[in-house]
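# Overview (structure and organization)
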Amino acid sequence: QVQLAESGGGLVQAGGSLRLSCVASGRPLGNYNMAWFRQAPGQERVFVSSIHCRGGSTYSDDSVKGRFTISRDTAKNTMFIQMNSRKPEERPVYYCAADPGETLSQTPSKYNHWGQGTQITVAS
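To start, this report covers the structure provided alongside it. (Residues numbered from 1 in each chain as written. Predicted model: local features only at pLDDT ≥ 70, side-chain atom pairs only at ≥ 80, totals over all residues. Heavy atoms only, no water.)

## Remarks on the overall build of the protein chain
Filter applied, for reference: Every helix listed is a DSSP run of H or I at least four residues long, and every strand listed is a run of E at least two residues long, numbered separately from the N terminus. Just to be clear, the radius of gyration here is over C-alpha atoms, and the globule rule we use is 2.2 Å times residues to the power 0.38. Between two residues, a contact is recorded if the distance between any of their heavy atoms is within 4.5 Å. Methods summary: accessible areas were calculated by the Shrake-Rupley approach with a probe of 1.4 Å, and residue burial reflects only the protein chains presented. Only four residue types enter the tally: Lys and Arg on the positive side, Asp and Glu on the negative side, with His and both chain ends excluded. Taken as the charge location is NZ of Lys, CZ of Arg, CG of Asp or CD of Glu.
Regarding its fold elements, the protein chain presents 0 helices and 12 strands. If you list the helices and strands of the protein chain from N to C, you get β-β-β-β-β-β-β-β-β-β-β-β. Relative to a compact globule of 124 residues, whose C-alpha radius of gyration would be 14 Å, the protein chain shows 13 Å and is just as compact. With respect to the principal axes defined by its C-alpha atoms, the protein chain has extents near 40 × 30 × 25 Å. Taking contacts inside the protein chain between residues at least 6 apart in sequence as the whole, the part at least 24 apart equals 61%. With the model as given, the accessible surface of the protein chain reaches about 6,300 Å², and the carbon-plus-sulfur share is 44%. The positive charge centre, built from 13 side chains, and the negative charge centre, built from 9, are 4 Å apart in the protein chain.

Structure follows, in structure tokens:
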């Protein structure tokens, strides 16, 4: 089974930028559609952005278009999300997820493999 591990969380100023990484092990990352989700305590996990296993096509939620960019490095078995203009109200815990399906999805239940999450704190 593929295992996922996020890293790169921490403190960022409002309007600042940072990059998160997700390393896949056990299976090649290229076998899966990949996505980032985010969550706040007591709230539902919501979609951020996704990237297809073939061709690298992407889709992002309207709330992050123009600010966040998803990418992957197949040789390093790693997925990234570059986040610019970070807002304090955005949900702080980010999760990477993997789906062996043919099409990209925005639904958490579609993804069978998850990392443990990495937390971002935005300074006001």
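## A closer look at the pattern of salt bridges
Stated formally: Criterion for a salt bridge: a side-chain nitrogen of Lys or Arg within 4 Å of a carboxyl oxygen of Asp or Glu. We call a residue buried when its accessible area falls under 20% of the maximum for its residue type, exposed when it is over 50%, and partly exposed in between, using a 1.4 Å probe and counting protein chains only.
Counted according to the given criterion, the structure contains 4 salt bridges. Its salt-bridge partner being Glu90, residue Arg67 comes within 2.4 Å of it at the nearest N-O pair. Within this pair, whereas Arg67 is found in the loop between strand S6 (58-60) and strand S7 (68-73), its partner Glu90 is found in the loop between strand S8 (78-83) and strand S9 (93-99), the two being separated by 23 residues in sequence. For the pair Arg67 and Glu90, one class covers both residues: buried. Each member of the salt-bridge network shares a partner with another, and the members are Arg38, Arg67, Arg86 and Glu90.

## A look at the environment of Lys87
With respect to the helices and strands, the residue Lys87 is situated in the loop between S8 and S9. Note on Lys87: relative accessible area 36%, which makes it partly exposed. Along the chain, Lys87 and Gly26 lie 61 residues apart, while their C-alpha atoms are 35 Å from each other. Excluding residues that lie within four positions of it along the chain, Lys87 makes contacts with Arg67 and Val122.

## Here we look at the state of the cysteines
This is how it is decided: We call a pair of cysteine sulfur atoms a disulfide whenever their separation is within 2.5 Å.
Summed over all chains, the structure comprises 1 disulfide. The side chain of Cys22 participates in a disulfide bridge whose partner is Cys96; the two sulfur atoms lie 2.1 Å from each other. Judged by the sign of its S-S torsion, about 60°, the bond between Cys22 and Cys96 is right-handed. Of the two residues, Cys22 is situated in strand S3 (residues 18-25) and Cys96 in strand S9; the sequence distance between them amounts to 74 residues. Taking relative accessible area as the criterion, Cys96 reaches 0% and is therefore assigned buried. Lacking any disulfide linkage, Cys53 is separated from the closest cysteine sulfur, that of Cys22, by 15 Å.

## A short note on the nonpolar core
Generally speaking, a soluble globular protein has its nonpolar side chains buried in company with each other. Spelled out, the test is: The nonpolar core is taken to be a set of buried Ala, Val, Leu, Ile, Met, Phe, Trp, Tyr and Cys residues, with the residues joined through side-chain atoms within 4.5 Å.
Grouped together as the largest cluster of nonpolar side chains are 24 residues, with contacts concentrated most on Met34, Trp36 and Met79. Mapped by element, the contributors of at least two residues to this core are S3, strand S4 (33-39), strand S5 (46-51), S7, S8 and S9. Here this core gets 4 residues from one element, more than from any other, and that element is S3. In this structure, Met79 is in contact with Leu20, Ser21, Cys22, Leu29, Met34, Ala35, Trp36, Ile51, Ile70, Ser71, Arg72 and Cys96, ignoring residues within four places of it in sequence.

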